[in-house]
Every structure is written in C-alpha cells, then in structure tokens.
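If you want the building blocks of each chain, they are given just below.
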Amino acid sequence: MEKQLDNKKLKQLKKQNKIKEAKTDYVYYAICGFILFLLAVIVIYPLYYIVIASFSDPDAVMRGDVWLYPIKMTFSGYAALFKRTDIWSGYGFTLLYTVLGTLFNVVLTIPAGWALSRDYLPFRKLIMVLLIITMFFGGGLVPYVIMCRTLGLYENPLILIIGGGVSVYNVFMCKSFFQTNVPKEVLEAGQIDGAGEIRTFFDLVLPISKSIISVMVLFYAVGHWNNYIDAFIFNIDKQFYPLQSILREIMDATTGGTGDVVLEQMRLATQIKFTSIIVATVPILILYPMIEKHFGQGVLVGSFK
C-alpha cells in the first residue's frame with residue numbers, strides 16, 4: 001500500500017511540475033527489463049527442464065529432443081523410484097535428521113550470536129578471534145573422523161544430527177542482527193523491570209528475532225536435507241541411510257555394466273536422475289514459502305557490514 005501511494009504521489013508531482021521522462025529513460029528501462037528477463041530464464045529453465053525430463057521418454061531425453069515440453073509422457077521413472085521401500089525409509093530418516101539437527105543447530109547458534117553481540121561478555125574479542133580462525137583453518141577430515149570415533153559417534157546415526165552443530169558464519173550473522181535490530185530501550189526497560197539475562201533473551205529478544213531465526217532454520221535445514229556424504233564417511237548402517245545417500249547409491253547402481261545391459265542401465269539412470277532431483281527438492285520448495293517473508297530481512301540485516 002505504501003509503495004502504491006508513493007507511486008501515485010510521484011505521478012501527481014510529475015503532472016504538476018510537467019516532468020517528462022526522456023527517451024533515454026525508456027531505453028534504460030527496456031535494457032534493464034531485457035537483462036532481468038534473461039536472468040529469470042537462466043534461473044528458471046534448468047528447473048523447468050528437470051521437471052519435463054522426469055516425465056519424458058528416456059530415449060528422447062538422451063537424444064536431446066526434450067527441451068520445451070515432455071515427449072511421450074511416462075511415469076515409469078517415478079514408479080521405478082517409489083517401488084523401492086528404502087526410498088520411503090530414507091524419507092523418514094531424512095525428515096528426522098533434518099528436524100532434530102536443525103533444532104540442535106538453532107539452539108546453539110542463536111544464543112551464541114546473542115552472547116557475542118553483548119559488549120560486556122568476558123573475553124569477547126578473544127572468543128571472536130578463535131572463531132574466525134576456524135573459518136580459515138581446519139584440521140581436515142581425518143582428525144574429525146578420529147575425534148568422532150573417540151566420542152563414540154562413528155557408525156552412529158547420531159552424527160547425522162549433531163555433526164557440524166554450529167556454523168561460525170551463521171553465528172556472526174546472528175551477532176550482526178542482534179547488534180542492529182534489538183533496541184537498547186527494550187533491554188533497558190527489561191532491566192528496570194528486574195529481568196535477568198535469561199528472561200531478557202527469551203521474553204524480549206527472541207520475539208523480535210523471527211526473521212533471523214527463519215533464516216537460520218532454512219540454512220541449516222537445507223544443509224541437513226542435502227547431506228549424503230556423512231553417511232558414507234562414518235560408515236552408517238544402510239538401514240539408517242538418509243534419502244540423499246540412498247539416491248546416490250541408486251545412481252551408482254544404474255551406471256556401469258557391459259554388453260546389452262549398458263543401454264538399459266543408461267535409460268534407467270536417465271529416468272532416476274531427474275525423478276530423484278524432483279523427489280529430493282519438493283520438501284525444500286514447500287518449506288521456503290513458509291519462511292520467505294522473513295528471509296530477505298534476516299539475510300540483509302544480519303549480513304556482514
């Protein structure tokens with residue numbers, strides 16, 4: 001509504017002052033519109049192609065005939081994918097890992113960002129320096145696996161939930177958000193009312209931090225949902241595999257072979273490749289619109305300055 005009113009006022013001022021847009025302005029608008037249209041096509045077409053290829057005949061896809069609409073529509077790829085019981089178990093475990101893992105990440109990240117945003121935190125600068133060092137230097141995969149083995153997390157599905165519990169980048173994003181979006185007057189009012197640090201955080205800070213919490217939920221949830229390599233690294237039992245690891249195994253199983261088997265395996269691999277992308281992406285596409293209204297604000301305000 002405010003934008004509409006501003007546009008109306010601008011038009012009225014232009015009429016009153018007889019302000020006319022130059023021809024170069026229209027050229028500029030046309031060029032900007034064309035560039036934005038190209039960018040939209042570049043972003044949208046690959047997604048569109050994956051959808052139509054998942055419904056098309058695999059032979060037509062391999063020949064390169066599919067590029068605007070499905071050819072010889074078939075659901076055989078989805079049928080081949082969903083007739084496997086491990087797909088459904090993978091879905092269930094992935095949802096479990098994503099929900100619990102995201103909750104664990106957010107519970108660690110949000111309080112850490114709030115604590116670092118307070119100037120009176122003891123050894124604040126030292127803690128920040130140590131965190132920044134971890135962003136540029138790491139022990140590597142082997143020490144990480146050895147540490148997890150020592151903690152009893154090797155071959156334990158729990159590692160898929162608590163592994164990588166905190167992202168330093170996200171902690172600093174939360175810190176920046178709290179520094180710029182939590183009014184000092186609110187905190188001072190809480191202190192006058194006798195609120196301690198814990199009550200201030202839960203009753204005053206969290207209710208006005210929905211945007212950054214939504215951003216953290218999306219970032220961590222996407223990371224957990226797309227994670228497939230940890231199940232292989234930590235030798236997790238196949239019955240506890242997440243969806244992405246199962247899809248990876250299916251793709252590996254459908255590539256290879258000799259003689260007459262090769263063509264059929266290539267056809268199956270083509271079907272599985274596109275249908276698995278759709279199956280794995282739909283839940284994230286459903287989640288994003290739910291928190292989209294908070295996403296832009298949280299990223300822009302919480303970004304580094």
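Shown above is the structure to which this text applies.
Reading the values: the criteria
Residues numbered from 1 in each chain as written. Predicted model: local features only at pLDDT ≥ 70, side-chain atom pairs only at ≥ 80, totals over all residues. Heavy atoms only, no water. Helix = DSSP H or I, 4+ residues; strand = E, 2+ residues; numbered from the N terminus. Buried < 20%, exposed > 50% of the residue type's maximum accessible area, 1.4 Å probe, protein only. Areas by Shrake-Rupley, 256 points an atom, 1.4 Å probe, with all protein chains shown as cover. Axes fitted to C-alpha atoms, helices over the stretch in contact; angles between N-to-C directions. Parallel < 35°, antiparallel > 145°, perpendicular 65-115°, else oblique. Left-handed = near helix turned anticlockwise from the far one by under 90°. Contact = heavy atoms within 4.5 Å. Salt bridge = Lys/Arg side-chain N within 4 Å of Asp/Glu carboxyl O. Core = buried A, V, L, I, M, F, W, Y, C linked by side-chain atoms within 4.5 Å.

A.B. asks: Sorry if this is basic, but what is going on with the overall build of the chain here?
C.D. replies: Looking only at helices and strands, one finds 15 helices and zero strands in the chain. In the chain, which comprises 305 residues, the proportion classed as buried is 33%. Entry remark: accessible area of the chain is about 19400 Å², with carbon and sulfur atoms responsible for 68%.

A.B. asks: It is not clear to me how the packing of helix α5 (residues 85-116) against helix α12 (residues 210-226) should be interpreted in this structure. Could you clarify?
C.D. replies: Axis angle and axis distance: for two packed helices, these are the angle between their axes and the distance between the axes, and together they describe the pair. The contact between α5 and α12 brings their axes to 8 Å, and the two run at 140 degrees. Relative to α12, the element α5 lies oblique. Handedness of the α5/α12 crossing: right-handed. Touching Y91, T94, L95, Y97, T98, G101, T102, N105, V106, T109 and I110 of α5 are I213, M216, V217, Y220, A221, H224 and W225, all from α12.

A.B. asks: Would you mind going over the pattern of salt bridges with me for this structure?
C.D. replies: Counted under the stated rule, the structure contains three salt bridges. Here D119 makes a salt bridge to R124, at a shortest N to O gap of 3.8 Å. For D119, a relative accessible area of 66% puts it in the exposed group. In this structure, D203 engages R199 in a salt bridge whose closest nitrogen and oxygen atoms are separated by 3.3 Å. Residue D203 and its partner R199 are both found in helix α11 (residues 197-205); the two are separated by four residues, about one turn of the helix. On the basis of relative accessible area, R199 is assigned to the exposed category, the value being 53%.

A.B. asks: So what exactly am I meant to see when it comes to the nonpolar core here?
C.D. replies: General note: in soluble globular proteins, nonpolar side chains tend to be found buried as a group. Of all hydrophobic cores here, the largest spans 24 residues; its most connected members are L81, I87, I159, L243, L247 and I250. Broken down by secondary-structure element, the contributors of at least two residues to this core are α4 (76-82), α5, α7 (141-150), α8 (159-162), α14 (243-253) and α15 (261-302). Each residue touching L243, except ones within four places of it in the same chain, is listed here: I87, G90, Y91, T94, W225, V279 and A280. W114, M173, V205 and M216 belong to the second-largest nonpolar core, a separate cluster that totals 15 residues.

A.B. asks: Would you take a moment to explain unusual backbone geometry for this structure?
C.D. replies: Excluding glycine, a negative phi dihedral is what most residues carry, and trans is how most peptide bonds are arranged. Not every positive phi belongs to a glycine, and K72 is a case in point at roughly 50 degrees. On the secondary structure map, K72 appears in the loop between α3 (58-63) and α4. Here K72 falls in the exposed class, since its relative accessible area comes to 61%.

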